[in-house]
Amino acid sequence: MREDGKTITMLTAYDFPTAAILDEAGIDILLVGDSLAMVVQGHETTLPVTMDQMLYHAEMVGRAAQRAMVVVDLPFPEGQREISRSVDCAARVLKETKCHAVKLEGGAEQAERIETLVTAGIPVMAHVGLRPQNIHVDGGYRVHRDVDSLVVDAVAAEKAGAFAILIECVTVAAGKAVTEAVSVPTIGIGAGPHTTGQVLVTNDLIGLTQGYTPKFVRKIADASTLIRDAATTYRDAVDDGSFPGASESF
Ligand code: KIV
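Here is what the cut-offs are and how they apply
- Residues numbered from 1 in each chain as written.
- Predicted model: local features only at pLDDT ≥ 70, side-chain atom pairs only at ≥ 80, totals over all residues.
- Heavy atoms only, no water.
- UniProt positions renumbered as here; feature names shortened; annotations may be inferred.
- 1 Å grid on protein atoms, 1.4 Å probe; cavity = no way out; pocket = protein on both sides within 12 Å on 5 of 7 lines; lining within 4 Å.
- Helix = DSSP H or I, 4+ residues; strand = E, 2+ residues; numbered from the N terminus.
- Contact = heavy atoms within 4.5 Å.
- Polar contact = N/O pair within 3.5 Å; in protein donor to acceptor, adjacent residues only side chain to side chain.

Named according to an unreviewed UniProt entry, the protein is 3-methyl-2-oxobutanoate hydroxymethyltransferase originating from Novipirellula galeiformis. A UniProt comment under Pathway (unreviewed entry) is attached to the protein, and it reads "Cofactor biosynthesis; (R)-pantothenate biosynthesis; (R)-pantoate from 3-methyl-2-oxobutanoate: step 1/2." For the record of the protein, the UniProt heading Sequence similarities (unreviewed entry) holds the text "Belongs to the PanB family."

A. Geometry of the UniProt feature "binding site: 3-methyl-2-oxobutanoate" (unreviewed entry) in the protein. The feature "binding site: 3-methyl-2-oxobutanoate" (unreviewed entry), as annotated in UniProt, sits at Asp34, Ser35, Asp73 and Lys103 in this numbering. On the basis of their most widely separated C-alpha atoms, the annotated residues across 70 residues gather in one place, lying no more than 12.3 Å apart. Put simply, the named residues that line the largest pocket are Asp34, Ser35, Asp73 and Lys103. Relative to the elements of secondary structure, Ser35 occurs in the loop between β2 (29-32) and α2 (36-39). Once you skip the residues sitting within four places of it in the chain, Ser35 turns out to touch Thr12, Tyr14, Val40, Thr46 and Val201. By the element assignment, Lys103 lies in strand β4 (residues 101-105). At a separation of 2.7 Å, a polar atom in the side chain of Lys103 contacts the side chain of Asp73.

What follows is the structure in structure tokens.
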């Protein structure tokens, strides 16, 4: 798609029905993101989600996707431990789900791991810039502005065999510089308009996330209000005896 000048669309998916709808809508890549720790499980960071939980969700999304590519995050700390352990975890994604690839946070320091995974037949999307699994070392979520080190990370990941680079929360200039420095697709989230694809967390996009959402989110629907209104309408109908009616009874 990059070669053809077509922008790649990617959204997160964590369950069968949502993945099927996103697939039907023509989204190119579904990401079973470790963001599920926050937007599905209700944790404050992405750190608590386990490999088994990722596989549970990946299995549903993989079955739902008829045309989209499906990428699965290696959760903390499976992408940071011994490389052979990362291979075992990533291989489970390909063996136990119908998903196609894994995503791994990090760039230059992950080159050997990326190369080993790709050599083992496991496609890898690298993730540079803001790395949510590194939150406690970085001391918080912030915009990454160091263009040179971002380019070094992306180039190292491409050289190691990554098929795409996700770039999170960097300046517009950095998103452009990284994209120009590599030939594989770059997929941005809060990385400006010059990347070759865009990704958002679906729950943010549809207004299902409670509380804070980052500046880079575009909320296109208000699913929270939709669900709340449906629930109160149902509650009122049960309360006033209008549900179930004759047509809803045997
Ligand atoms: O887990 C996730 O949702 C991500 C985002 C950056 C898209 O990695």
